[in-house]
Amino acid sequence: METRDLIPIEVVCEHYKLPVAFINSLQEFKLIELTVKKDVFFIHKTQIKEVEKIARLHYDLEINIEGIDAIFNLLEQVNSLKKEISNLHNRLRLYEDL
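Residues numbered from 1 in each chain as written. Predicted model: local features only at pLDDT ≥ 70, side-chain atom pairs only at ≥ 80, totals over all residues. Heavy atoms only, no water.

This part covers helix α2 (residues 20-28). All of the buried residues in α2 are Phe22, Ile23, Ser25 and Leu26. Viewed end-on, α2 has its buried residues packed into an arc of 160 degrees, placing them on one side of the element. In this structure, α2 carries Ala21 and Glu28 as exposed residues pointing more than 90 degrees from its buried face. Elements that come into contact with the buried residues of α2 comprise α1 (9-16), β2 (34-37), α3 (48-60) and α4 (65-96). (Buried < 20%, exposed > 50% of the residue type's maximum accessible area, 1.4 Å probe, protein only. Helix = DSSP H or I, 4+ residues; strand = E, 2+ residues; numbered from the N terminus. Arc of directions from axis to C-beta. Contact = heavy atoms within 4.5 Å.)

This is the structure in structure tokens:
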């Protein structure tokens, strides 16, 4: 992982006006992944959109971290089921064409 793709969490917290404890709780629930280098915590730039979504859910809609974790798990299951349905449709087309 390139160092230039990592952003210190203090910078993210300052930019989005989030407490560092909020970012730490996201890591505890495995909603984001932090990298530690020389005792400094970093977040990968690809996870910034996730942090934005989670912050909006938490602060604008007042959903707690546990609720956000449940929402993200359900969304992951929905996406998995969509892929499975697509694969089954493709397999079914093979038999319809015979």
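Counting 19 residues, the largest nonpolar core has Phe22, Ile23, Leu26 and Ile43 as its most contacted members. Within the residue set of this core, elements represented by two or more residues are α1, α2, α3 and α4. The greatest single-element share of this core, amounting to five residues, is contributed by α3. (Core = buried A, V, L, I, M, F, W, Y, C linked by side-chain atoms within 4.5 Å.)

Moving on: the packing of aromatic side chains. According to the stated counting rule, one finds one aromatic pair in the structure shown. Ring centres of phenylalanine 22 and tyrosine 59 lie 5.2 Å apart, and the angle between their planes is 50 degrees; this geometry places the pair in the tilted category. Taken together, the positions of phenylalanine 22 in helix α2 and tyrosine 59 in helix α3 put the pair 37 residues apart, joining distant regions of the chain. With a relative accessible area of 4%, phenylalanine 22 lands in the buried category. (Phe/Tyr/Trp six-rings, centres within 6.5 Å; stacked < 30°, edge-to-face > 60°.)

Before going further, it helps to examine the packing of α2 against α3. Interaxial distance between α2 and α3 falls to 12 Å at its minimum, and their mutual angle equals 110 degrees. Judged by the angle between their axes, α2 and α3 are roughly perpendicular. Between α2 and α3, the contacting residues are Phe22, Ile23 and Leu26 on the first element and Val51, Ile54, Ala55, His58 and Tyr59 on the second. (Axes fitted to C-alpha atoms, helices over the stretch in contact; angles between N-to-C directions. Parallel < 35°, antiparallel > 145°, perpendicular 65-115°, else oblique.)

Working note: regular strand, side chains alternate between the two faces of the sheet. Where β2 lies against strand β3 (residues 40-44), four bridges are found, and the strand directions are antiparallel. Opposite leucine 34, over in β3, you have isoleucine 43 as the bridge partner. Following β2, the chain reverses through two residues before pairing antiparallel with β3; lysine 38 in that reversal takes a positive phi of roughly 50 degrees. (Pairing = 2+ DSSP bridges.)

Bringing the sheet that holds β3 into the picture now. Taken together, three strands build an open sheet; the order of strands is β1-β3-β2 and the sheet is antiparallel. Edge strands, defined here as strands with exactly one partner in the open sheet, are β1 (6-8) and β2. Along the sheet, successive strands turn relative to each other by an average axial angle of 45 degrees, direction set aside. Against the sheet, α1 engages β1, β2 and β3, with an angle of about 70 degrees to β1.

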